[in-house]
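Letter by letter, the chains look like this.
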Amino acid sequence: ATRTCLGGEVGCRAPRSRHPRALGTTAADVLAAVGGNDKAFAEAQKVAESKPEDAQIQTWFAGIASRAGKNDAAGAAMKKSIAINPDDPDAWTRLV
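Residues numbered from 1 in each chain as written. Predicted model: local features only at pLDDT ≥ 70, side-chain atom pairs only at ≥ 80, totals over all residues. Heavy atoms only, no water.

## Observations regarding the overall build of the protein chain
Step number 1: Looking only at helices and strands, the protein chain has five helices and zero strands in total.
Step number 2: When its helices and strands are written in sequence order, the protein chain yields α-α-α-α-α.
Step number 3: Buried positions account for 30% of the 96 residues belonging to the protein chain.
Step number 4: Here the analysis covers contacts within the protein chain between residues at least 6 apart in sequence; of these, 35% occur between residues at least 24 apart.
Step number 5: Carbon together with sulfur atoms contributes 54% to the accessible area of the protein chain, which is approximately 6,300 Å² in total. (Helix = DSSP H or I, 4+ residues; strand = E, 2+ residues; numbered from the N terminus. Buried < 20%, exposed > 50% of the residue type's maximum accessible area, 1.4 Å probe, protein only. Contact = heavy atoms within 4.5 Å. Areas by Shrake-Rupley, 256 points an atom, 1.4 Å probe, with all protein chains shown as cover.)

Right, here's the structure in full:
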């Protein structure tokens with residue numbers, strides 16, 4: 001049986017479906033934080049491509065892409081996020 005992890009318990013596993021998203025976003029965020037913007041972009045792009053219908057992931061990817069200077073990718077991700085969730089005012093603000 002899989003149980004929710006709290007505080008890094010030994011033998012505790014997150015549900016299998018959450019592993020790629022959690023690990024991918026964490027890796028990209030860490031790389032971006034230490035100045036590895038190109039590597040962060042590559043990792044984030046993998047996550048975004050694996051979750052094309054997730055508006056939150058597309059918005060997150062746009063931020064990583066923007067920091068990496070990939071403005072076309074950032075704009076495309078924000079447009080995708082808005083297409084998925086047109087009622088999100090934050091997405092509209094970020095697009096501008």
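Once you've had a look at it, read on.
## What about the environment of Pro-86?
Step number 1: For Pro-86, the position within the fold is in the loop between α4 (71-84) and α5 (89-95).
Step number 2: By relative accessible area, which is 45% here, Pro-86 ends up partly exposed.
Step number 3: Separated by 31 residues in the primary sequence, Pro-86 and Ala-55 have C-alpha atoms spaced 9.6 Å apart.

## A short note on the side chain of Thr-59
Step number 1: Along the chain, Thr-59 falls in helix α3 (residues 55-67).
Step number 2: For Thr-59, a relative accessible area of 9% corresponds to the buried category.
Step number 3: Residues contacting Thr-59, with those up to four places away along its chain left out, are Met-78, Ser-81 and Arg-94.

## Structural notes on the packing of aromatic side chains
Step number 1: As enumerated under the stated definition, the model contains one aromatic pair in all.
Step number 2: Directly above the aromatic system of Phe-41 lies the positively charged group of Lys-70, at a separation of 5.5 Å from the ring centroid. (Phe/Tyr/Trp six-rings, centres within 6.5 Å; stacked < 30°, edge-to-face > 60°. Lys NZ or Arg CZ within 6 Å of the ring centre and 35° of its normal.)

## Regarding α3
Step number 1: In this model, α3 (13 residues) spans 19 Å end to end at C-alpha, consistent with the 18 Å of a helix rising 1.5 Å per residue.
Step number 2: A large share of α3 lies buried, amounting to 10 of its 13 residues.
Step number 3: Those residues of α3 that sit buried are Ala-55, Ile-57, Gln-58, Thr-59, Trp-60, Phe-61, Ala-62, Gly-63, Ile-64 and Ala-65.
Step number 4: Looking at where α3 begins, the residue whose side-chain oxygen comes 3.0 Å from the main-chain nitrogen of Gln-56 is Asp-54.
Step number 5: Remark: Gly-69 follows α3 within two positions and exhibits a positive phi of approximately 80 degrees. (Expected span 1.5 Å × (residues − 1). Polar contact = N/O pair within 3.5 Å; in protein donor to acceptor, adjacent residues only side chain to side chain.)

Note that all results are geometric; they support no functional claim without further evidence.
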